[in-house]
Amino acid sequence: MFTKMNVIGKDIVVDVVDDCTKPCDVISKIAVIHDLEEKDDAFFVMDFGDIVNKFEKWEALLPRVHPFYAVKCNENPAVLRLLAALGTGFDCASKSEIKEITDMGVSPSRIVYANPCKPNSHLKFAAQRKVSLMTFDNEMELQKIRKIYPDAELVLRILTDDSTAQCQLGLKYGCHPQHAPSLLRVAKELGLNVVGVSFHVGSGCRDASAFSDAIQSSRMVFDYGSALGFDFQLLDIGGGYPGQSSAAISFEEMAGCINQALDVHFPEGCGVRIISEPGRYFVASAFTLTLNVIAKRAVARDIQTFHVPGSEDLVANTVAPSQCDEPAYMYYCNDGVYGSFNCLLFDHATVQPSLLKKMLLGEPKFASSLWGPSCDGLDRIMENCLLPELHVGDWIVFEDMGAYTMCAASTFNGFPKPICYYMANESTWNFLKRIMPCPVEMEPAPPPCNTKCFSDSITCPTMRSGLSIPHLERGDHPTVMITPIPIVPDVDY
Ligand SMILES: Cc1ncc(COP(=O)(O)O)c(C=O)c1O
């Protein structure tokens, strides 16, 4: 079954499935269709319901903290549009992110420009778009802001302990709380409007007490501010929340710690508005990536070495016939570290493959490694894993691939970024129809056409036809169309 939702002038086709259908079922269906069409493209499946659930969980567990989604984490327009409709704010790091969000019709009051070191031209753009809330952590930035946007509402980003985080940010940003008074004094002398304090405990925070300590430090800086005549009204507790169930710490535990610290240092009724900048929390588990095995070779399990004649070099020979009864296998896939798996390098991520094909009872497993498609030896997804023997054309699935993956992917060596398919369970879809404006029902499913996959600007000519192949299982729901509506309902906070 098909639904169609128009987002910012481009089509997003959403496969609406019954409430029992899981992303893995949709992935299997797409893989079968790709096989039938002899397509081997890697693809993402994004589940709208996963993000809606995350939003509801946030509201339930951190009711005092208003989330401003960190756009840098995944700027897929379906994600942005959904979060805008749900009422989150947005953390933008640059002119282009500010443009993307304000072009959607989101009020500038729902944006925090959370980059303490901004190019002049981007700052000018923020001023043009009236995005006034922004962070700073150094004196030069204050001088710049005074010249370009003197009416901005400034948030002092302080340094916190991020030593246990997956990605540390304190090396680059944050004013040590002890230096806050002197920086605030400069702001005062320049006549600037400092409205609050922010911090970031590091992306992929593994220690909830980092939040407690940072909230305590923020309180101290609020008191410095009062002593200098400022009236701080905003606390921004940054990002760092887990986005997937396999994370080292649960969101529940983290939220408990945050609430406790807020109750002590910023109790309800204290007049301080609390916001945050979650990135991976909202998107990590909503995206599943499926790769195709494009090439394979059996290698010797025990690497043999030999000297190249006339050279001093010792070469590891991984292509010699195996000395061992059991071979090991190298599998080459159509996405790698220059694409979505850049997260292995930049985000220090670990990934977990699973297979679409059914394993037979007692089927042997072999030492295997997974590689990306580029010609670079660095392009390795997994060094060593145990897998049943795979074949060219098999599909490998990676869950939890929504955070810091496609946003930094390249097309190095000419390999395209994966296309993205969208799914929603029926109850989620009914909810989306309520919060996104003007749904119009449409029958029947549209014929094949050139659908532009908006997320990566790759033309995907068979997307609809593929998904609507009749002999595959399809629900008998009506097809729904949401007509082009440029502006999401706006809420000022
Ligand atoms: C300023 C800022 N805010 C928010 C985030 C989002 O962090 P996370 O995805 O860990 O929630 C980042 C990530 O780097 C960041 O730099």
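Residues numbered from 1 in each chain as written. Predicted model: local features only at pLDDT ≥ 70, side-chain atom pairs only at ≥ 80, totals over all residues.

### Some remarks on the overall build of the protein
At step 1: If you tally the helices and strands in the protein, you get 13 helices and 24 strands.
At step 2: Scored against the burial criterion, the 493 residues of the protein give a buried share of 45%.
At step 3: Residue pairs in contact within the protein that sit at least 24 positions apart in sequence constitute 73% of those at least 6 positions apart. (Helix = DSSP H or I, 4+ residues; strand = E, 2+ residues; numbered from the N terminus. Buried ≥ 20, exposed ≤ 12 C-beta atoms within 10 Å, placed from the backbone. Contact = placed C-beta atoms within 7 Å.)

### Quick notes on the pairing of strand β9 (residues 193-198)
At step 1: Burial runs high along β9: five of the six residues are buried.
At step 2: When strand β8 (residues 153-157) meets β9, the two strands line up parallel, connected through five bridges. Across the sheet, Leu 154 pairs through a bridge with Val 194, a residue of β9.
At step 3: In the classification by handedness, the crossover that spans β8, the intervening helix α7 (residues 180-189) and the parallel β9 is right-handed.
At step 4: Judged from the three bridges that link them, β9 and strand β10 (residues 234-236) form a sheet pairing that is parallel. (Pairing = 2+ DSSP bridges. Right-handed = clockwise from strand over helix to strand, strands pointing away.)

### With respect to the nonpolar core
Within soluble globular proteins, side chains that are nonpolar tend to cluster in buried spots.
At step 1: Ranked by size, the top nonpolar core spans 126 residues in total, and within it Tyr 113, Leu 154, Leu 156 and Phe 211 carry the most contacts.
At step 2: Shared between two domains, this core takes at least three residues from each, and those domains are domain 1 (1-48 + 284-493) and domain 2 (49-283).
At step 3: Beyond its immediate chain neighbours, meaning those up to four positions away, Leu 154 contacts Met 134, Phe 136, Ile 145, Ala 187, Leu 192, Asn 193, Val 194 and Val 195. (Core = buried A, V, L, I, M, F, W, Y, C linked by C-beta atoms within 7 Å. Domains from an automatic or database assignment.)

### Some remarks on the UniProt feature "modified residue: N6-(pyridoxal phosphate)lysine" (unreviewed entry) in the protein
At step 1: Mapped onto this structure's residue numbering, the UniProt feature "modified residue: N6-(pyridoxal phosphate)lysine" (unreviewed entry) falls at Lys 72.
At step 2: For Lys 72, the position within the fold is in the loop between β4 (65-70) and α3 (77-86).
At step 3: Using a count of 19 C-beta atoms within 10 Å as the deciding quantity, one classes Lys 72 as partly exposed.
At step 4: Once residues within four sequence positions are removed from consideration, Lys 72 is found in contact with Ala 93, Glu 97, Gly 279 and Cys 407. (UniProt positions renumbered as here; feature names shortened; annotations may be inferred.)

### Some details on the site of the ligand
At step 1: Around the ligand, a shell composed of 17 residues is seen, among which Ala 70, Ser 203, Gly 239, Glu 277 and Gly 279 lie nearest.
At step 2: Of the residues in the shell around the ligand, the class split is seven nonpolar, seven polar and three charged. (Near = placed C-beta within 6 Å. Nonpolar A, V, L, I, M, F, W, Y, C, P; charged D, E, K, R; others polar.)

### Brief notes about unusual backbone geometry
At step 1: Located in the positive-phi region is Tyr 404, a residue other than glycine, with phi close to 55 degrees.
At step 2: Mapped onto the elements of the fold, Tyr 404 is located in the loop between β19 (395-398) and β20 (419-425).
At step 3: Owing to 27 C-beta atoms within 10 Å, Tyr 404 belongs among the buried residues under this scheme.

### Section: the pairing of strand β15 (residues 328-333)
At step 1: Here six bridges tie strand β12 (residues 287-299) to β15, and the two strands are oriented antiparallel to one another. Considered in β15, the bridge of Val 293 is made with Cys 333.
At step 2: Bridging between β15 and strand β17 (residues 365-371) involves four bridges; their strand directions are parallel. Residue pairing across strands places Met 330 opposite Ser 369, the latter belonging to β17.

### Regarding the packing of helix α5 (residues 120-128) against helix α6 (residues 139-148)
At step 1: Between α5 and α6, the least distance of the axes is 10 Å, while the angle of their chain directions is 45 degrees. Judged by the angle between their axes, α5 and α6 are oblique. Seen along the crossing, α5 lies across α6 with a hand that is right-handed. Contacts between α5 and α6 involve Asn 120, Leu 123, Lys 124 and Ala 127 from the former and Lys 144, Ile 145 and Ile 148 from the latter. (Axes fitted to C-alpha atoms, helices over the stretch in contact; angles between N-to-C directions. Parallel < 35°, antiparallel > 145°, perpendicular 65-115°, else oblique. Left-handed = near helix turned anticlockwise from the far one by under 90°.)

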